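Geometric and topological summary
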Amino acid sequence: MFSRPLLYGNLTKICASAAARQPHQSVTNPTTASTAVAINDTQTREYHEVVGDILCPSQVMGIDHIRDPRLNKGLAFTLEERQVLGIHGLQPARFKTQEEQLELCKIAVNRYSEALNKYLYLSDLQDRNERLFFRFLSENIEEMMPIIYTPTVGLACQRFGLIYRRPRGLFVTINDRGHVFDVIKNWPEPDVRAIVVTDGERILGLGDLGASGMGIPVGKLALYTALAGIKPHQCLPILIDVGTNNIDLLEDPLYVGLRQKRVVGREYDDFIDEFMQAVVKRYGQNTLIQFEDFGNHNAFRFLDKYRNTYCTFNDDIQGTASVAVAGLYASKRITGRSFAEYTFLFAGAGEAAIGIADLVVKAMVAEGVSLEEARSKIWMVDIDGLLTTTRKDGNLEGHKCNYAKDVEPMKNLEDIVEKVKPNVLIGASAAAGIFTPKILQTMAANNERPVVFALSNPTSKAECTAEQAYQNTEGRVIFSSGSPFPPVTIGDKTFYPGQGNNAYIFPGVALGVIATGTHHIPDDMFLIASQELANYVSDTDLERGSLYPPLSSIREISMRIAMGVTKCAYDKGLASTYPEPQDKRKWLEEQLYNFNYESSLPVTWVWPRMPYIKTRDLNPTKLFGDSKDTQK
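Of the regular secondary structure elements, the chain holds 27 helices and 14 strands. With 632 residues in all, the chain has 53% of them scored as buried. Working note: accessible area of the chain is about 29,600 Å², and carbon and sulfur atoms make up 52% of it.

Counted according to the given criterion, the structure contains 40 salt bridges. The closest approach of N and O atoms between Arg 202 and Asp 316, which form a salt bridge, is 3.5 Å. Separated by 114 residues along the polypeptide, Arg 202 in the loop between strand E2 (194-198) and helix H12 (215-228) and Asp 316 in helix H16 (residues 315-335) bring together distant segments of the chain. Its salt-bridge partner being Glu 292, residue Lys 220 comes within 3.3 Å of it at the nearest N-O pair. Here Lys 220, found in helix H12, pairs with Glu 292, found in the loop between strand E4 (288-291) and helix H15 (296-306); they are 72 residues apart in sequence, far enough to count as distant. What makes Lys 220 buried here is its relative accessible area of 0%. Glu 292 sits in the buried class, given a relative accessible area of 2%. What emerges from the salt-bridge pattern is a single network uniting Arg 202, Asp 293, Asp 316 and Glu 351.

So, about the packing of helix H14 (residues 266-283) against H15. Any two packed helices are characterised by how steeply their axes cross, that is the angle between the axes, and by the distance between the axes. Closest axis-to-axis distance for the H14/H15 pair is 13 Å, and the angle between their directions is 45°. Comparing their axes, H15 and H14 come out oblique. Our pair here, H14 against H15, has a crossing hand that is right-handed. In this structure, H14 uses Tyr 268, Asp 269, Ile 272, Asp 273 and Met 276 to contact H15, whose residues at the interface are Asn 298, Arg 301, Phe 302, Lys 305 and Tyr 306.

Looking now at the pairing of strand E11 (residues 478-481). Side-chain positions along a regular strand alternate between the two faces of the sheet. Taking every second residue as pointing to the same face, both faces of E11 are buried, with Ile 478 and Ser 480 on one and Phe 479 and Ser 481 on the other. Here 4 bridges tie strand E10 (residues 451-454) to E11, and the two strands are oriented parallel to one another. The residue bridging Val 451 from the neighbouring strand is Ile 478, located in E11. Read as a crossover between parallel neighbours, the route from E10 over helix H21 (residues 466-471) to E11 is right-handed. Of the strand pairs in this sheet, E11 and strand E14 (residues 498-499) are connected by 2 bridges, and their pairing is parallel. The residue of E14 that forms the bridge with Ser 480 is Gly 498.

Turning next to the packing of aromatic side chains. All told, the structure shown has 23 aromatic pairs when counted by the stated rule. Centroid distance Phe 291 to Phe 294: 5.0 Å. Interplanar angle 50°. Geometry classified as tilted. An identical accessibility class is assigned to Phe 291 and Phe 294; each is buried. The ring of Phe 339 carries the charged tip of Lys 332 above its face, separated from the ring centre by 4.7 Å.

To continue, consider the packing of H15 against helix H17 (residues 351-366). At a minimum axis distance of 9 Å, the contact between H15 and H17 shows a crossing angle of 40°. On the basis of the axis angle, H15 is oblique to H17. Here Asn 296, Ala 299 and Phe 300 of H15 come into contact with H17, specifically with Glu 351, Ile 354 and Gly 355. Across the contact of H15 with H17, the residue classes tally to 3 nonpolar, 2 polar and 1 charged.

Glancing now at the environment of Thr 335. For Thr 335, the position within the fold is in helix H16. Taking relative accessible area as the criterion, Thr 335 reaches 22% and is therefore assigned partly exposed. Distance in space between the C-alpha atoms of Thr 335 and Glu 448 is 8.4 Å, their sequence separation being 113 residues. Non-local contacts of Thr 335, meaning those with residues more than four positions away in its chain, are made with Tyr 342, Arg 449, Val 451 and Ile 478.

It is worth spelling out the pairing of E10 at this point. Because side chains alternate across E10, one face comprises the buried residues Val 451 and Phe 453, and the other comprises Val 452 and Ala 454, equally buried. With helix H20 (residues 437-446) bridging strand E9 (residues 424-427) and the parallel E10, this β-α-β connection has right-handed handedness.

The next point concerns the sheet that holds strand E1 (residues 170-173). By definition, the strands of a sheet pair up through backbone hydrogen bonds, in either a parallel or an antiparallel sense. If you walk across this open sheet you meet the 5 strands as E1-E3-E2-E4-E5, and the pairing is parallel. Looking along the sheet, the strands with just one partner apiece sit at the ends: E1 and strand E5 (312-314). The mean angle between the axes of side-by-side strands here comes to 25°, regardless of whether they run parallel or antiparallel. Of the pairings in the sheet, the one linking E2 to strand E3 (residues 235-241) comprises 5 bridges and is parallel in character. In the strand pairing of E3, Val 196 is matched with Pro 237. Packed on one face of the sheet, H16 meets E4 and E5 and runs near 70° to E5. Sheet strands touched by helix H22 (residues 506-516): E2, E4 and E5. Its angle to E4, the strand with the most contacts, is close to 155°.

Every buried residue belonging to helix H8 (residues 141-148) is among Ile 141, Met 144, Met 145, Ile 147 and Ile 148, and all of these are buried. Elements in contact with the buried residues of H8: helix H5 (98-110), helix H6 (115-128), helix H7 (130-139), helix H9 (152-158), H12 and helix H25 (554-571).

A few words on H20. Among the residues making up H20, those that are buried are Ile 439, Leu 440, Thr 442, Met 443 and Ala 444. Summarising the contacts, the buried residues of H20 are in contact with helix H19 (413-420), E9, E10 and H21.

Criteria and cut-off values
Sequence order as written defines residue numbering, which begins from 1 separately in each chain. Given that the model is predicted, a residue must reach a pLDDT of at least 70 before its local features are reported, and side-chain atom pairs must reach 80 or more before they are shown or counted; all residues, however, enter totals for whole chains, interfaces and linings. Computation of side-chain values covers all heavy atoms of the structure but excludes hydrogens and water. Helix and strand definitions follow DSSP, with helices as H or I runs of at least four residues and strands as E runs of at least two, each counted in order from the N terminus. For each residue, the accessible area found with a 1.4 Å probe, counting protein chains only, is set against the maximum for its type, and the residue is called buried under 20%, exposed over 50%, and partly exposed in between. Per-residue accessibility takes into account occlusion by the displayed protein chains alone, with areas from the Shrake-Rupley method and a 1.4 Å probe. Whenever Lys or Arg places a side-chain nitrogen within 4 Å of a carboxyl oxygen from Asp or Glu, that contact is recorded as a salt bridge. In this analysis, axes come from line fits to C-alpha atoms, helices being fitted only over the stretch in contact, and the angle between any two N-to-C directions falls in the range 0 to 180 degrees. The scheme is simple: roughly parallel for angles under 35 degrees, roughly antiparallel for over 145, roughly perpendicular for 65 to 115, oblique for anything else. Here is the rule for handedness: rotate from the far helix to the near one, and if that takes an anticlockwise turn smaller than a right angle the crossing is left-handed, while a clockwise turn gives right-handed. Contact criterion: two residues are considered in contact whenever any of their non-hydrogen atoms come within 4.5 Å of each other. A pair of strands counts as paired when DSSP detects no fewer than two bridges linking them. Look down the strands so they point away from you; if the path from the first strand over the helix to the second goes clockwise, the crossover is right-handed. Ring pairs are drawn from Phe, Tyr and Trp, using the six-membered ring of Trp, whenever the two centres fall within 6.5 Å, and their geometry is named by plane angle: stacked under 30 degrees, edge-to-face over 60, tilted for the rest. Criterion for a charge above a ring: Arg CZ or Lys NZ at most 6 Å from the ring centre, at most 35 degrees from the ring normal. Gly is placed with the polar residues, together with every amino acid not listed as nonpolar (Ala, Val, Leu, Ile, Met, Phe, Trp, Tyr, Cys and Pro) or charged (Asp, Glu, Lys and Arg).

Here it is in structure tokens:
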């Protein structure tokens with residue numbers, strides 16, 4: 001039982017804590033403090049203090065209901081809601097439906113001619129009305145994907161210091177060593193299930209953007225919700241700021257990050273270790289940590305280091321690989337060949353190229369090919385030329401060694417294509433235009449249906465355009481790109497090239513992982529995602545020149561991928577959410593975010609009338625120590 005001094009002390013702390021949130025209050029004694037709590041803090045919260053999934057309508061009243069993007073419905077508040085919530089008169093008299101608001105959003109965003117202005121409009125919409133933003137994005141994904149994600153997000157990162165308005169996500173700097181957990185604690189939402197983190201060293205194909213790379217995790221997590229229905233409050237974007245080696249940014253007066261060269265070596269590694277431990281300490285072992293746009297020299301190290309001890313994956317390696325392999329699965333329906341009959345040539349040997357190659361090998365092994373034979377089918381070129389065991393230039397460290405061939409060194413890509421005679425040419429080099437007309441013509445001469453993937457993004461970094469690919473192969477190419485390209489007409493046929501966008505993959509994988517509480521993510525899950533995506537490609541899609549289904553179908557694809565990941569998690573004993581659901585689709589759907597407005601009023605209900613029961617007469621009861629008893 002609590003003693004009176006202890007209870008008094010705890011009450012003092014509680015009252016002082018509440019009063020501390022009121023700058024004009026001073027705590028002089030417990031009585032004054034408790035009065036302040038009763039007047040100012042009972043059943044109310046400060047602006048943007050709404051957390052969790054189930055919101056209590058009495059927590060926020062008045063104008064804060066309009067200011068909080070999670071609660072705001074704009075002119076869609078009903079008259080009763082406006083009156084009860086204390087916002088009547090704070091808005092015009094017009095009442096709108098969410099559908100009417102969506103039409104206005106479409107008109108508003110289309111008024112802007114520049115993509116960056118459209119990006120800013122959508123960012124502002126997310127800041128003021130969360131449900132409207134995500135519903136608008138999910139229902140107009142084909143038009144909005146290039147705005148909210150590549151290629152416009154790259155431009156937004158380059159202009160980050162200029163367009164920065166309000167905080168979204170956490171910035172954890174190297175100066176916070178020893179206190180990373182304290183920084184993460186400052187995030188007000190306790191129920192975080194997924195984190196996308198970058199250190200900004202290799203943003204898309206744009207290089208080191210330092211703290212300006214925050215646009216990438218913000219954009220990725222927006223797609224988590226829009227494309228897979230993952231609840232936005234469960235998502236946290238994080239930028240790890242260890243400096244930048246970009247001189248232009250260091251000298252830019254608008255740069256918002258640490259103005260210093262990148263920290264590297266043991267100090268950097270220890271800091272990442274501290275970050276991973278802090279995340280688990282704050283949110284639990286099953287928190288999904290997606291690595292994004294780390295430098296090539298760190299991406300594979302961290303994936304190998306953490307994949308068996310944390311719930312983590314690298315989208316640049318595994319997500320890119322999965323969507324590319326899905327395109328290759330679809331291409332087999334056109335060429336009639338198995339993977340074992342293909343010869344692959346990769347232009348680029350970074351994290352994306354290695355990731356694709358590794359997953360292709362896994363796919364071939366699943367077809368019954370030995371590991372050694374599968375790797376022998378893959379040739380790879382980096383900045384120093386063909387990966388060979390005999391070359392003196394460059395290095396063959398890490399995963400590159402698996403694809404080095406015992407042949408004479410070669411540097412010219414055109415000569416390499418002539419020698420290797422690949423059936424599949426994959427570009428992941430961020431070197432614009434390296435798939436020259438001669439290379440494309442050679443691919444066409446050696447193959448009835450050459451497969452060419454120009455996966456580097458943004459568009460300015462693509463190895464070739466769709467038009468160049470079709471023109472130089474007489475329209476016979478099976479083409480895919482990392483960034484969107486317009487339709488191409490060759491003769492009397494128009495081709496609609498598909499974009500191998502990671503957004504087909506990572507939202508569905510994340511949904512399955514989060515729902516099942518998976519503690520580690522094997523490559524099998526990404527191969528399952530590839531197969532699910534390829535299975536959704538229709539004959540009509542292939543006929544029109546696309547290896548991928550329309551972007552408008554991503555929500556259904558994400559659900560199918562999540563179902564496959566869920567089954568894999570339980571089959572391999574990786575899930576921690578039990579019992580295993582029998583109807584996995586229904587179970588997953590029950591956990592999705594609701595894009596539509598809900599009532600802002602408390603739920604009320606009536607009780608049945610109680611039956612009449614005659615009660616006894618009420619007689620006074622004598623209390624112990626009554627004054628009359630005392631006199632006697």
